[in-house]
Amino acid sequence: MTQPALTIASLLSDPRLVKAATSWLKGERYCLEDLGSLSDPIAELLQRRDAFDVVLLQQGVTPPEALQGLRQQGVLLPAVVVGEVNGRVDYHEAEVHLPQDQLEQVVYSLDAAVSRFLRKGLSAQSESGSESASTPLSWRLPNRLQGRLGYLGVFYKRDPSLFLRNLPEPDHGELRQSLQRGYRDILISYFKDPAAANQAIESFVHSAFFCDLPVNSVVEIHVDLMDSFWKQLRLEGHKNDFLQDYRLALLDVMAHLCEMYRRSIPPDLPLAEPPPGEAVG
């Protein structure tokens, strides 16, 4: 049975980003609506708030006061922020960041944004008690998404058709290169900007998890980039013995990825019943 589409409010203003995002949001699962070309996309989003499941933002385009206004009115949607990974929060704490040169990962970032928001939204729902017509969207939306995606959506339900190994060859190669660029962002900022590095790790790990990137492929990406850095430093006559410290970055990524897998298992799964006639010891 085909999954119902998630309706995405795109506030991207750059036509190149819109084209790139659209090319990867294929099939019936996603419905992308371009609000970024309107004269007042925020007003449209407010007016049709119940029609959208996710919002796609372009960093630096929507004024901070407009995003603050959305928060104050309780209009909080799962969000992917396209732009520089700088460690800052643009919209809300559950947002997912995706660099412009890695839009091949937009599908996985959207899945991560929905899952992160569901975990946060369910907590808000449990505190708010019963719903009413005046309940803020940020509290009503989790129930809507939960009913559409199933309860396992809270626990990072994945779509096997989007796994790296199941993608067509051209898409497979482009996604692999995009993941390499994402991992390079981690290495560049790891020691000089911890906040940006942590955001880059989250972005990479989300995509690695949702595309089911094998662990050995993560190690291969790390080794290939370290080898490239080593050769460059050697050609430029710089010392390169400090590169071994970047093993910490690999361990950090692996720790985050393991946490994703841990969270993907619902805590209250029923125990399997023994076969008929078999005694329970």
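Shown above is the structure to which this text applies.
These notes cover the structure that comes with them.

Bringing the overall build of the chain into the picture now. Of the regular secondary structure elements, the chain holds nine helices and five strands. For the chain, the N- to C-terminal ordering of α and β elements is β-α-β-α-β-α-β-β-α-α-α-α-α-α. Among the 281 residues that make up the chain, the fraction classed as buried is 48%. For the chain, restricting intrachain contacts to residue pairs at least 6 apart in sequence, the fraction spanning at least 24 positions comes to 71%. Accessible surface, the chain: about 14,500 Å² in total, of which carbon and sulfur atoms supply 53%.

With that settled, consider the sheet that holds strand β5 (residues 96-98). Strand pairs in the sheet, formed through backbone hydrogen bonds, run parallel or antiparallel to each other. Strand order in the open sheet formed by five strands is β2-β1-β3-β4-β5, with parallel pairing between adjacent strands. Two strands bound the open sheet, and with one partner strand each, they are β2 (30-34) and β5. Direction aside, neighbouring strands of the sheet carry axes that sit 25 degrees apart on average.

Val106, Tyr183, Phe204 and Leu213 are the most contacted members of the largest nonpolar core, which has 58 residues in total. If we ignore the near neighbours within four places in the chain, the residues touching Phe204 are Leu179, Gly182, Tyr183, Ile186, Leu213, Val218 and Val253. In terms of nonpolar packing, the next biggest core, distinct from the first, is built from 18 residues, Leu35, Ile42, Leu57 and Ala66 among them.

With that settled, the discussion passes to the side chain of Asp111. Secondary-structure assignment places Asp111 in helix α4 (residues 106-128). A relative accessible area of 5% means that Asp111 is categorised as buried. Excluding its chain neighbours within four sequence positions, the residues that come into contact with Asp111 are Arg29, Tyr30, Leu162 and Phe210.

Now for the pairing of strand β3 (residues 54-58). When you tally the buried positions in β3, you get five out of five residues, the bulk of the element. Here β3 shows two buried faces, one formed by Val54, Leu56 and Gln58 and the other by Val55 and Leu57. Bridging between strand β1 (residues 6-10) and β3 involves three bridges; their strand directions are parallel. Residue pairing in the sheet places Ala9 in a bridge with Val55 of β3. Relative to strand β4 (residues 79-82), β3 runs parallel, the two being bridged by four bridges. Within β4, the residue paired with Val55 across the bridge is Ala79. Taken together, β3, helix α3 (residues 64-72) and β4 constitute a β-α-β crossover, and its handedness is right-handed.

The contact between helix α6 (residues 169-189) and helix α9 (residues 247-263) brings their axes to 10 Å, and the two run at 125 degrees. Comparing the axis directions of α6 and α9 gives the class oblique. Crossing angle aside, the handedness with which α6 passes α9 is right-handed. Contacts between α6 and α9 involve Tyr183, Ile186 and Leu187 from the first element and Ala249, Leu250 and Val253 from the second. Its residues assigned to classes, the contact of α6 with α9 shows six nonpolar, no polar and no charged.

This part is about unusual backbone geometry. The phi angle at Asp212 is positive, at roughly 55 degrees, despite the residue not being glycine. Secondary-structure assignment places Asp212 in the loop between α7 (194-210) and α8 (215-235). Asp212 sits in the buried class, given a relative accessible area of 16%.

With 21 residues, α8 extends 31 Å from end C-alpha to end C-alpha; this agrees with the ideal 30 Å at 1.5 Å per step. All buried positions along α8 are accounted for by Ser217, Val218, Ile221, His222, Leu225, Met226, Phe229 and Leu233. Those residues of α8 hidden inside the fold are in contact with α6, α7 and α9. Two residues or fewer past α8, Gly237 is found with a positive phi of approximately 75 degrees.

Next up on the list: the packing of aromatic side chains. The full count for this structure, using the stated rule, is five aromatic pairs. Taking the centre distance of 5.2 Å and the plane angle of 85 degrees together, the rings of Phe209 and Phe210 count as edge-to-face. The class of Phe209 is buried, set by a relative accessible area of 1%. Across the ring face of Phe209, the terminal group of Arg158 is positioned such that the distance to the ring centre comes to 4.5 Å.

Turning next to the pattern of salt bridges. Scanning the entire structure with this criterion turns up 14 salt bridges. A salt bridge links Asp159 to Arg29; the nearest nitrogen and oxygen atoms lie 3.7 Å apart. Residue Asp159 is found in the loop between α5 (137-149) and α6, and its partner Arg29 is found in the loop between α1 (15-24) and β2; the two are separated by 130 residues along the sequence. Across the pair, exposure class does not vary: Asp159 and Arg29 are buried alike. Put simply, Asp101 and Arg181 hold a salt bridge, and the shortest N to O gap is 3.9 Å. Here Asp101, found in the loop between β5 and α4, pairs with Arg181, found in helix α6; they are 80 residues apart in sequence, far enough to count as distant.

Conventions adopted
Residues numbered from 1 in each chain as written. Predicted model: local features only at pLDDT ≥ 70, side-chain atom pairs only at ≥ 80, totals over all residues. Heavy atoms only, no water. Helix = DSSP H or I, 4+ residues; strand = E, 2+ residues; numbered from the N terminus. Buried < 20%, exposed > 50% of the residue type's maximum accessible area, 1.4 Å probe, protein only. Contact = heavy atoms within 4.5 Å. Areas by Shrake-Rupley, 256 points an atom, 1.4 Å probe, with all protein chains shown as cover. Pairing = 2+ DSSP bridges. Axes fitted to C-alpha atoms, helices over the stretch in contact; angles between N-to-C directions. Core = buried A, V, L, I, M, F, W, Y, C linked by side-chain atoms within 4.5 Å. Right-handed = clockwise from strand over helix to strand, strands pointing away. Parallel < 35°, antiparallel > 145°, perpendicular 65-115°, else oblique. Left-handed = near helix turned anticlockwise from the far one by under 90°. Nonpolar A, V, L, I, M, F, W, Y, C, P; charged D, E, K, R; others polar. Expected span 1.5 Å × (residues − 1). Phe/Tyr/Trp six-rings, centres within 6.5 Å; stacked < 30°, edge-to-face > 60°. Lys NZ or Arg CZ within 6 Å of the ring centre and 35° of its normal. Salt bridge = Lys/Arg side-chain N within 4 Å of Asp/Glu carboxyl O.

Geometric descriptors of this kind do not, in isolation, establish any biological role.
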